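The primary structure of each chain is shown beneath.
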Amino acid sequence: MEPVLQVALDFMHKKRALEIAAEAVKGGADWIEAGTPLIKSEGSDVIRELKKNFPGHTIIADMKTMDVGATEVEIASKAGADIVSILGLADDSTIEEAVTSAMQYGSKIMIDLIGVSDRVERSKTAEKLGVSYICLHIGIDQQMKGESSPIDILKQIVSEVSIPVAVAGGITQITAPELLDAGASIIIAGGSIIKAKDVCSATENMKTAMATHKAVASNVAKKYGSDELYEAFSLASTANISDAMHRTGVLSGIIPRNKPGTKMIGRALTVQTVNGDWAKPVEAIDQAEKGDVLVIDVGGGDIAVFGALAAWSCISKGIKGVVIDGAIRDMDEIYEMGFPAFSRYSVPNASEPKGYGGIGHNILCGGLTIKPGDWIIGDDCGVVVVPQEKATEIANRSVDVAERENRIREEIKKGSTLSKVLELEKWEQVH
Ligand SMILES: O=C(CO)[C@H](O)[C@H](O)COP(=O)(O)O
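Residues numbered from 1 in each chain as written. Predicted model: local features only at pLDDT ≥ 70, side-chain atom pairs only at ≥ 80, totals over all residues. Heavy atoms only, no water.

- Looking at an unreviewed UniProt entry, one finds the chain named 3-hexulose-6-phosphate synthase, with Methanomassiliicoccus intestinalis as its source organism.
- The Catalytic activity (unreviewed entry) comment attached to the chain in UniProt states, word for word, "D-ribulose 5-phosphate + formaldehyde = D-arabino-hex-3-ulose 6-phosphate".
- The UniProt entry for the chain carries the following text under Sequence similarities (unreviewed entry): "Belongs to the HPS/KGPDC family. HPS subfamily." (UniProt positions renumbered as here; feature names shortened; annotations may be inferred.)

Below is the structure:
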């Protein structure tokens, strides 16, 4: 079969989804998927509207059915779905019931292998049970942790079944060709298209990549590995990062002291000291690695523990910035130096280097615990901490937040408002 592009509408807002679907169809999308979040938020009516709006296109209902296969397939099929997704994790009887129901209502079944341990064996069984398509799928939450479509598994599945194999999971205009070369017949793309500022050209680019089997540059929906986090965090604001952590991670009361547009990204080297005692903060500079951020716990003291001479020392060592739950001084000089500095207070006076405290321990800063090695990101809005053990996932989720906002910003600029785009009156938290 000719390679098919299935665009997944993973939204909760029907109006936005229909608008974006129209842009994707204009760009050459072959199949249109009512994504799982869309069906859960808008019900089967959204399938009806997609079928009505795009009668010439195959409509997929990504029901991810786990049980009661016959009924769920009936719901989706009667609403106009041509293909319904059933989870490969479902019981064989659910899949059989779904296949039977699909035959009754003129639709077909795609088995979604998300979370399945032996995906090759499950594909063979699913084909025997009568499904029409296999979908090798890395879920969005799995992608955020750095997982991507396993080419070797794809090749094995393609060699073991005679029905078309779809692939889904963070696929971009860069990664699609390799998946087609490995035997995929259907490319399911969500974020790389629906988060694009220009959905039509993002779709066209995906179609070009599929037709030529050559990557087409794309900066949307890329996922970042553990060795690419500096790049990832540079694409997201502290607001995006906080949103990605369910609105947490913010160092309370720590104020940016820098020229507008200053960004700081680095790994924490933690310091503990007492009010005005600048010995450990300055000694930490000599222990720091290039790319570190000094994070200093002074317990909120208002006598400076860091100044311009320390900042010059940091610059010599390649230290990315300083965060002080206490006071900084010489901000006039530090501001001009462009050394990123964030603190609770900015004052003229310091005290004596007595040497109280320590370096490299867990500390408190801005009300949060900071461990040595945690990621510290600061910008004009403030400072956030990302626990090092969740850094890859949070970095990807932060970029995802930024990309989704980029798309919403374009929709607002076209003459809408945030409230209208998000349908706030319908979705405001009523309880
Ligand atoms: O089913 C889904 C998530 O459960 C998505 O539709 C699928 O992963 C495609 O979206 P993306 O390209 O953003 O991963």
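A closer look at the packing of helix α5 (residues 92-105) against helix α6 (residues 119-129)
Logical step 1: The geometry of α5 relative to α6 is characterised by a closest axis approach of 9 Å and an angle of 40 degrees between their N-to-C directions. Relative to α6, the element α5 is oriented oblique. As for how α5 packs across α6, the hand of that crossing is right-handed. Along its contact with α5, which presents Asp 92, Ile 95, Glu 96 and Val 99, the element α6 presents Arg 122, Thr 125 and Leu 129.
Logical step 2: Class assignment of the residues belonging to the contact of α5 with α6 gives a composition of three nonpolar, one polar and three charged. (Axes fitted to C-alpha atoms, helices over the stretch in contact; angles between N-to-C directions. Helix = DSSP H or I, 4+ residues; strand = E, 2+ residues; numbered from the N terminus. Parallel < 35°, antiparallel > 145°, perpendicular 65-115°, else oblique. Left-handed = near helix turned anticlockwise from the far one by under 90°. Contact = heavy atoms within 4.5 Å. Nonpolar A, V, L, I, M, F, W, Y, C, P; charged D, E, K, R; others polar.)

Considering the UniProt feature "domain: Orotidine 5'-phosphate decarboxylase" (unreviewed entry) in the chain
Logical step 1: Look at the UniProt record and you will see "domain: Orotidine 5'-phosphate decarboxylase" (unreviewed entry) annotated at residues 4-206.
Logical step 2: Between the first and last C-alpha atoms of residues 4-206 the distance is 11 Å; the span itself is 48% helix and 20% strand.

Some words on the environment of Ser 41
Logical step 1: The topology assignment puts Ser 41 in helix α2 (residues 36-42).
Logical step 2: Beyond its immediate sequence surroundings of up to four residues, Ser 41 is in contact with Phe 11, Met 12, His 13 and Trp 427.
Logical step 3: Within polar-contact distance, the side chain of Ser 41 engages the backbone oxygen of Leu 38 at 3.2 Å. (Polar contact = N/O pair within 3.5 Å; in protein donor to acceptor, adjacent residues only side chain to side chain.)

A short note on the packing of aromatic side chains
Logical step 1: By the definition in use, this model includes three aromatic pairs.
Logical step 2: Here the aromatic rings of Phe 233 and Trp 375 are separated by 5.4 Å at their centres, their planes lie at 45 degrees, and the arrangement is tilted. Of this pair, Phe 233 sits in helix α12 (residues 229-234) while Trp 375 sits in strand β17 (residues 375-379), and the two are 142 residues apart along the sequence.
Logical step 3: Its relative accessible area of 0% is what places Phe 233 among the buried residues.
Logical step 4: Trp 375 gets classed as buried once you look at its relative accessible area, which sits at 9%. (Phe/Tyr/Trp six-rings, centres within 6.5 Å; stacked < 30°, edge-to-face > 60°. Buried < 20%, exposed > 50% of the residue type's maximum accessible area, 1.4 Å probe, protein only.)

Regarding the site of the ligand
Logical step 1: Near the ligand lie 13 residues; those nearest to it are Asp 10, Lys 64, Gln 143, Gly 170 and Gly 190.
Logical step 2: Glu 33 is positioned with one of its side-chain polar atoms (N or O) 3.4 Å from an oxygen atom of the ligand.
Logical step 3: In the model, an oxygen atom of the ligand is placed 2.8 Å from a nitrogen or oxygen of the His 137 side chain.
Logical step 4: Within the complex, the protein chains bury 90% of what would otherwise be the 370 Å² of accessible surface of the ligand.
Logical step 5: Counting only elements with at least two residues in the shell around the ligand, the list comes to β3 (58-65) and α7 (140-144).
Logical step 6: Looking at the shell around the ligand, its residues break down into three nonpolar, six polar and four charged. (Near = heavy atom within 4 Å. Areas by Shrake-Rupley, 256 points an atom, 1.4 Å probe, with all protein chains shown as cover.)

Digging into the sheet that holds strand β6 (residues 133-137)
Sheet strands pair by backbone hydrogen bonding; their relative direction is either parallel or antiparallel.
Logical step 1: Within the closed barrel, the eight strands sit side by side as β1-β2-β3-β4-β5-β6-β7-β8. Their pairing is parallel. Neighbour to neighbour, the strand axes of the sheet diverge by 25 degrees on average, direction disregarded.
Logical step 2: Relative to strand β4 (residues 83-87), β3 runs parallel, the two sharing three bridges. What sits directly across from Ala 61, in β4, is Val 84.
Logical step 3: Contacts from helix α11 (residues 199-212) reach β1 (4-9) and β8 (186-189), with the element oriented near 150 degrees to β1. (Pairing = 2+ DSSP bridges.)

Some details on the domain arrangement of the chain
Logical step 1: One can read the domain layout of the chain as domain 1 (4-212) and domain 2 (227-393).
Logical step 2: The centre of domain 1, based on its C-alpha atoms, is set 45 Å off from the matching centre of domain 2. (Domains from an automatic or database assignment.)

Description of the pairing of β6
Logical step 1: By the criterion of burial, β6 is predominantly enclosed, with five of the five residues buried.
Logical step 2: Alternating residues of β6 divide into Tyr 133, Cys 135 and His 137 and Ile 134 and Leu 136, and every residue in both groups is buried.
Logical step 3: Relative to β6, strand β5 (residues 108-112) runs parallel, the two sharing three bridges. Residue pairing in the sheet places Met 110 in a bridge with Tyr 133 of β6.
Logical step 4: Regarding topology, α6 serves as the crossover connection from β5 to the parallel β6, and that connection is right-handed.
Logical step 5: By the bridge criterion, four bridges tie β6 to strand β7 (residues 165-168) in an arrangement that is parallel. Each residue of the ladder has a partner; that of Ile 134, found in β7, is Val 165. (Right-handed = clockwise from strand over helix to strand, strands pointing away.)

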